Each structure stands twice: as C-alpha cells, then as structure tokens.
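Structural overview
Now for the letters of each chain:
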Amino acid sequence: MIRKLLIWVLPIALLLAACGPAVITTPQPNAVTESTQPSQSPTKFASIDLTDSLGREIKLASPARRVVSLAPSNTEILFAIGAGPQVVGRDELSDYPAQVASVQSVGGSMGNFSTEAIVALKPDLVLVAEISPPELVKTLEGLGLTVFYMSNPTTLDGMYANLETVGRLTGHVDDTNGLIQSLKARVATVDSKLAGISVRPSVFYELDATDASKPYTAGPGTFIDTLIQRAGGVNVASTLKDQYPQISLEELVLLNPEIILLSDAAYGETPEKVAMRAGWGTLAAVKNGRLYPFDYHLLSLPGPRLVDGLEQLAKLLHPELFK
C-alpha cells in the first residue's frame, strides 16, 4: 500500500475514490506566522470575472497577489508563467521547480490540508485541482476564502486553456501567451518529425509492479495514453476499461509490448529487475532490451512539462527521427 502512495497518478485515482463527501482538515499549530511577507505584485489589470470547472463565477478585484496552490500541477503552472513569487502556500506534494521547497506547506498528502495554515497565509486566491474533491471548495469558502477549482484537462489544448486561466487570475497574461506559443511550437516540431510514420511500436507503461503478476498501468482517458499515441506509439492498455487498471501477466504476454516504460524507476525498478521477473522474459521488450526508466511527472501532471514528456517519448519510440 505504501508503494502506491509514491506514484503520483495512482494516488489521484485512489484518493478521489476514497475521499468521499467528507473532507477532513488537520490543523497544524504554529505552521505559519504573521511575519509572512507579501509576494511580488503582478502587473495591474482590471477586475477578473471567470467561471471555474464547477460552474462557479469567481470574481477578483485585481490579479491575485497571494496564492495558495493545493496541487502540484497548479504549482508548476504558477511558476512556469512567472507567478512563482505570488505563491505563499502549497500542498506538500508540490516539489517542482526547486524554488517550491521554500514555500510554506499546508499539508495534503492524503487529502488532509491544514485549514488553519491556509487561512493564516491570508491568500486572496486558493487554486484547487481535480485531485481534491469539490467538498474541499465548500470547506474553504466557508472560511471566507476565494477558491478557484480547475478540472484536469484531457488534451494539450485543455492544458493550454488552464495556463491561460491561471495567467489571467495572477496577472501574467503576456508571459502565459509567450509560454503557450513556445510549447505549441515544440509540439509542432514533434508532429512534423513523426508525420508519415508507418510503424508504431506497442508500449506498456508501468505505474506500479509491486505485484508483478498484476502491474498497474495507464489506460484510456489518461494523458499517458494520449501522449503515447501522439508520440507515435500504441498504448497496449488503451483498450482496457479503466483509466488506471491492473493488467494480468497473461494478458500482457498476449499483448507482447515492444517497449516498456518504467515510471516506477524512481522507486527502485530497473530494466534488470524487470528481466528477472517470472514470466516476463518472453516479452518482446525484454528480449530486445527496450526497457526505459521514465520520469512519471512528465506524463502525469497536467502542466507545461507534458510537452517535455511528449518530446522524450517521441525520441524513445522513434530515435531514428531525432538524431
């Protein structure tokens, strides 16, 4: 059970299923002090009126100057668009970029945030993502906080739209537009190199093989599936029912992937260990040595680094096109 909590995408699925309607907050006395300094002011704009993913109209008199982010994806977006100095609080799973380490944590590893810590930071905006249930929004609003809820995008265009939203909320519209243009140009380069490919290798993306006879993987409706296809591959789990299913070894042998990506490499899995697993030696990927460690952040967090993930995937699947 501990192993599953180490992988980012799996906790999202498990947490949303387990949290239910009740959101339990755990106060952390002395987590913050009144000496917290205001963050750098964003460029001044007129008042902001946006509708969040829950259909709620959110109004700000001016761009948010003090933001608490309750999801790693939102934290990455904030820093990527130049709003990092405005982030005064973050969930404890946020760890990118490196500057995030100096930002006050408000908890949240199991969905339990310190409401006392959040309120003490005096945010003018709390940014919530789909990893948290809507009930958390009600709890925070009941404390007098302004909360904006963003659903996870399912396409790159949806990711760009989330960037635009955060850019408007924080007063970094121009910075965000420049970032989006850069990301789209990089995606276009990948698409151009892959145009006309005739062979698409089959790919198994391993999330967690604590039980090597039934490893977890990423199925349809996930960014992992979307980007494997976009990078010129075929996700062998794309026809399965669930987004994050377990797949039996027998079924995996029948699918016989040509490439295996180890997103659990950060937690000890290696190509050598995979090759030694009972029954895995018959897989084409193992026979041909096409097993690759892969940074799970790049495909699991719906932020700008998804484009990094796409580029790395395309190079692994079609190295001959990226020499």
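See the structure above.
Below, the structure is looked at part by part. (Residues numbered from 1 in each chain as written. Predicted model: local features only at pLDDT ≥ 70, side-chain atom pairs only at ≥ 80, totals over all residues. Heavy atoms only, no water.)

1. A short note on the overall build of the protein
Rule in force here: Here a strand is any run of E in DSSP of at least two residues, a helix any run of H or I of at least four, and the numbering for each starts at the N terminus. Buried, partly exposed and exposed residues are distinguished by accessible area as a fraction of the type maximum, computed with a 1.4 Å probe on protein chains only: under 20%, between the cut-offs, and over 50%, respectively. Between two residues, a contact is recorded if the distance between any of their heavy atoms is within 4.5 Å. A 1.4 Å probe and the Shrake-Rupley method give the accessible areas. Residues count as covered only by the protein chains that appear here.
The helix and strand inventory of the protein stands at 13 helices and 12 strands. Here the protein holds 323 residues, and the buried ones make up 50% of them. In the protein, 64% of the contacts between residues at least 6 apart in sequence involve partners at least 24 apart. Carbon and sulfur atoms make up 53% of the accessible area of the protein, which amounts to about 14,200 Å² in all.

2. Some words on the packing of aromatic side chains
We apply this condition: Centres within 6.5 Å are what make two rings of Phe, Tyr or Trp a pair, Trp counting through its six-membered ring; a difference in plane orientation under 30 degrees is then read as stacked, over 60 as edge-to-face, and the rest as tilted. Definition used: whenever NZ (Lys) or CZ (Arg) falls within 6 Å of the ring centre and also within 35 degrees of the ring normal, the charge is taken to sit over that ring.
A complete count under the given rule lists 2 aromatic pairs for this structure. Positioned over the ring face of Trp280 is Arg277, at 4.5 Å from the centre of the ring. Sitting over the face of the ring of Tyr96, Arg305 holds its NZ or CZ atom 3.6 Å from the ring centroid.

3. A look at the packing of helix α7 (residues 173-194) against helix α13 (residues 305-317)
Rules: All axes here are fitted lines through C-alpha atoms, helices being fitted over the stretch that makes contact, and every angle between N-to-C directions spans 0 to 180 degrees. If an angle is under 35 degrees, it is roughly parallel; if it is over 145, roughly antiparallel; if it lies from 65 to 115, roughly perpendicular; otherwise it is oblique. For any helix crossing, the convention is left-handed if the near helix is rotated counterclockwise from the far helix by under a right angle, and right-handed if that rotation is clockwise. We call Asp, Glu, Lys and Arg charged. Ala, Val, Leu, Ile, Met, Phe, Trp, Tyr, Cys and Pro are nonpolar, and the rest, Gly among them, are polar.
Packing of α7 against α13 brings their axes to within 10 Å, and their N-to-C directions diverge by 20 degrees. Between α7 and α13, the crossing angle belongs to the class labelled roughly parallel. The way α7 lies across α13 gives a crossing that is left-handed. Residues Leu183, Arg186, Val187, Val190 and Leu194 of α7 pack against Val307, Asp308, Leu310, Glu311 and Ala314 of α13. Looking at the contact of α7 with α13, its residues break down into 7 nonpolar, no polar and 3 charged.

4. Things to note about the sheet that holds strand β3 (residues 67-69)
Threshold: Any two strands with at least two DSSP bridges between them are considered paired.
Strands sit in the order β5-β4-β3-β6-β7 across an open sheet of 5 strands; the sheet is parallel. Strand pairing shows two members of the sheet lacking a second neighbour, β5 (104-105) and β7 (147-150), which therefore form its edges. With 2 bridges connecting them, strand β4 (residues 87-90) and β5 associate as parallel partners. Each bridged residue has a counterpart across the sheet, and for Arg90 the counterpart in β5 is Ser105.

5. Some remarks on the pattern of salt bridges
What counts, and what does not: Between Lys or Arg on one side and Asp or Glu on the other, a salt bridge is scored when a side-chain nitrogen of the former is within 4 Å of a carboxyl oxygen of the latter.
Following the criterion strictly, the structure yields 8 salt bridges and no others. In this structure, the salt-bridge partner of Glu311 is Arg186, at a minimum N-O distance of 2.7 Å. Here Arg186 lies in helix α7 and Glu311 lies in helix α13, a separation of 125 residues in the sequence. Classification of Arg186 by relative accessible area gives partly exposed; the value is 26%. Ionic contacts of the salt-bridge type, sharing partners, join the residues Asp52, Arg56 and Glu141 into one network.

6. So, the nonpolar core
Operational definition: The definition of a nonpolar core used throughout is a set of buried Ala, Val, Leu, Ile, Met, Phe, Trp, Tyr and Cys residues joined through side-chain atoms within 4.5 Å.
Among the nonpolar cores identified, the biggest contains 53 residues, and Phe148, Leu156, Met159, Leu169, Tyr205, Leu227 and Leu313 are the most heavily contacted of them. With sequence-adjacent residues up to four places away left out, Tyr205 is seen in contact with Tyr216, Thr217, Ala218, Ile224, Ile228, Leu261, Ser263, Phe294, Tyr296 and Leu299. Listed in part, the 16 residues of the second largest apolar core include Leu70, Ala117, Leu136 and Leu145.

The values are spatial; any link to function lies outside them.
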